[in-house]
Amino acid sequence: MTDHRSAYAAFGVDTEAALSRLASIPVSIHCWQGDDVIGFDGAGSLSGGIQTTGNYMGRARNFEELKSDIREAFSLMPGKKRLNLHASYAILGEDAGRVDRDGYTFKHFIPWVEFAKELDLDGIDFNPTFFAHPNMKDGLTLSSPQESVRSFWVEHGRRCMEIAAELGKAFGKPCLVNIWIPDGFKDVPADRLGPRLRLKRSLDEILENYDREWVIPAVESKVFGIGVESYTVGSNEFYQNYAAKRGICCLLDNGHYHPLEYVSDKIPALLSFYDRVALHVTRGVRWDSDHVVLFEDELKEIAKEIVRNDATEKVLIGLDYFDASINRIFAWVTGQRSMQKALLYALLLPNEEMKRLQDAGDFTALMDLQERVKTLPFGAVWEEYLTRQGLTDDVLSRIRSYERTVLKERV
Ligand code: RNT
Ligand code: ZN
């Protein structure tokens, strides 16, 4: 039997080059898989049209528990890792109950910086939290017709831009700030333009004066949410035009489109116009259900678009899923490993040769090549990668033991 190196070499693919490139691509891992997107700032439940389902034991209920779970989960994840934080994970300390989201400062996130440094992470990305808060009025935040509501959320956004600049500086790498708002209506609206004009104004106010060196602002569109089925203020067309006009970044969440629309196809469309594209990689089953990311076809297609367009530095990869029906740490690790697998899979394709065949119009040979590479010994290269990262494929027994000793005690 030929070893995996020569099997790939026969197709002109260098497995060594693929392994070292994979280890250098950062993936931003969301903190919110650990606690069902609840956060620490008091809301206690999720709202805004997103939902976590399931009631598996051991949800992290505070900073100490979440840190412990992140430590465990991240220790099982290969590759370069960033931490993606929501503002609702502020460590308020003595400010708890005194400072609201329009008063958060970098101070409330310093413990996260210390933790990320301890784990030797590549950096922290940040998200203002425009949901799960009593100041969402009639389901609206930045697009609210009530000026006091709108300005509260604008101030939250501005604070987050300032916090992000400090986060960027702390790691010497720019911080992606992703703006997603839940604003929309359950039923047929009487005014579709007004809310969008208010959102546009609010975004302009948030972005008035941000630190262009350390902050990368992004806007995340969506088609609908639970209880917000008829109209979404921050739609795809709205944000793509906004981002293009203002020179900021679009964030594509692959749960946020019609099921027959593919983010893999949107990536090169945006790369034609933008320096950067941000992603929330997730897995929607029938709706934006945020299932754990698995190593499946659309994920592979997304990874191919990143790798073969030489866009590993232009596409900012972030994860966004939350499953509470299985062990949360297993969910976290499985999603992150799936992303890594997909990137490796794409790095191991004879991409140049396939492009050449396409451009030559030899679609017969292209189909032949595309099918033959599917049965190359991918598993052996993946195992080699894990070994070099000091890991194995056995995630479950480690997590089971953590479950027995740590999670079961959380009652
Ligand atoms: C919601 C968006 C958003 C959130 C996170 C928690 O549909 O995908 O990105 O999932 O910000
Ligand atoms: Zn998302």
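Okay, so let's go over this structure. Note that the structure is a prediction, hence the values are computed from the model and not measured. (Residues numbered from 1 in each chain as written. Chains lettered and ligands numbered in written order. Predicted model: local features only at pLDDT ≥ 70, side-chain atom pairs only at ≥ 80, totals over all residues. Heavy atoms only, no water.)

Close to ligand 1 lie 14 residues; H86, E220, K222, H256 and D320 are nearest. Here an oxygen atom of ligand 1 sits 2.9 Å away from a polar atom, N or O, in the side chain of D253. Contacts to ligand 1 include D320, whose side-chain N or O atom sits 2.9 Å from an oxygen atom. In the complex, the protein chains occlude 99% of the 310 Å² of accessible area that ligand 1 would expose alone. In this structure, ligand 1 is accommodated by the largest cavity. Tallied by class, residues from the shell around ligand 1 come to 6 nonpolar, 3 polar and 5 charged. (Near = heavy atom within 4 Å. Polar contact = N/O pair within 3.5 Å; in protein donor to acceptor, adjacent residues only side chain to side chain. Areas by Shrake-Rupley, 256 points an atom, 1.4 Å probe, with all protein chains shown as cover. 1 Å grid on protein atoms, 1.4 Å probe; cavity = no way out; pocket = protein on both sides within 12 Å on 5 of 7 lines; lining within 4 Å. Sits in = over half its atoms within 2 Å of the grid points. Nonpolar A, V, L, I, M, F, W, Y, C, P; charged D, E, K, R; others polar.)

The subject of this paragraph is empty space enclosed by the protein. A full pass over the atoms with the stated rule returns 5 cavities of 30 Å³ or more. Of the volumes computed, that of the largest cavity is approximately 170 Å³. Residue lining of the largest cavity: 18 residues in total, with I50, H86, W180, E220 and D320 positioned closest to the centre. (Points joined across faces, edges and corners; volume = space filled by probe spheres on them.)

Bringing the coordination of the zinc ion (ligand 2) into the picture now. Taken together, the protein donors to the zinc ion (ligand 2) comprise E220 (OE), D253 (OD), H280 (ND1) and D320 (OD), at separations of 2.1 to 2.2 Å. Given 6 donor atoms and angles of 72 to 175° at the metal, the environment of the zinc ion (ligand 2) is assigned as octahedral. (Donors = N, O, S within 2.8 Å, 3.2 Å for Na, K, Ca; no water. Tetrahedral: all angles 85-135°; square planar, octahedral: opposite > 155°, others 65-115°.)

Two elements in contact, helix 5 (residues 147-171) and helix 6 (residues 193-206), have axes separated by 8 Å at closest approach and are oriented at 35°. The interaxial crossing formed by helix 5 with helix 6 has right-handed handedness. Contact residues: E147, R150, W153, V154, G157, R158 and M161 in helix 5; R198, R201, S202, E205 and I206 in helix 6. Tallied by class, the residues present in the contact of helix 5 with helix 6 amount to 4 nonpolar, 2 polar and 6 charged. (Axes fitted to C-alpha atoms, helices over the stretch in contact; angles between N-to-C directions. Helix = DSSP H or I, 4+ residues; strand = E, 2+ residues; numbered from the N terminus. Left-handed = near helix turned anticlockwise from the far one by under 90°. Contact = heavy atoms within 4.5 Å.)

Across the interface, helix 2 (residues 15-24) lies against helix 13 (residues 378-388) with an axial gap of 11 Å and an inter-helix angle of 50°. Considering the angle they form, helix 2 stands oblique to helix 13. As for the relative orientation of helix 2 and helix 13, their crossing is right-handed in sense. Along the contact surface, helix 2 presents T15, E16, L19, L22 and A23, while helix 13 presents V381, E384, Y385 and R388. When its residues are assigned to classes, the contact of helix 2 with helix 13 shows 5 nonpolar, 1 polar and 3 charged. (Parallel < 35°, antiparallel > 145°, perpendicular 65-115°, else oblique.)

Bringing the packing of aromatic side chains into the picture now. Aromatic ring pairs are reported here in terms of the distance separating the ring centres and the angle at which the planes meet. In this structure the tally under the stated criterion is 17 aromatic pairs. Taking the centre distance of 5.3 Å and the plane angle of 70° together, the rings of F40 and Y89 count as edge-to-face. With a gap of 49 residues between them, F40 in the loop between strand 1 (26-30) and helix 3 (63-75) and Y89 in the loop between strand 2 (80-86) and helix 4 (110-118) connect regions that are remote in the sequence. F40 sits in the partly exposed class, given a relative accessible area of 21%. Here Y89 falls in the buried class, since its relative accessible area comes to 1%. Taken together, the aromatic side chains of F40, F63, Y89, W112 and F115 make up a single cluster linked through ring pairs. Positioned above the aromatic ring of F171, the side-chain terminus of K117 is 5.2 Å from the ring centre. (Phe/Tyr/Trp six-rings, centres within 6.5 Å; stacked < 30°, edge-to-face > 60°. Buried < 20%, exposed > 50% of the residue type's maximum accessible area, 1.4 Å probe, protein only. Lys NZ or Arg CZ within 6 Å of the ring centre and 35° of its normal.)

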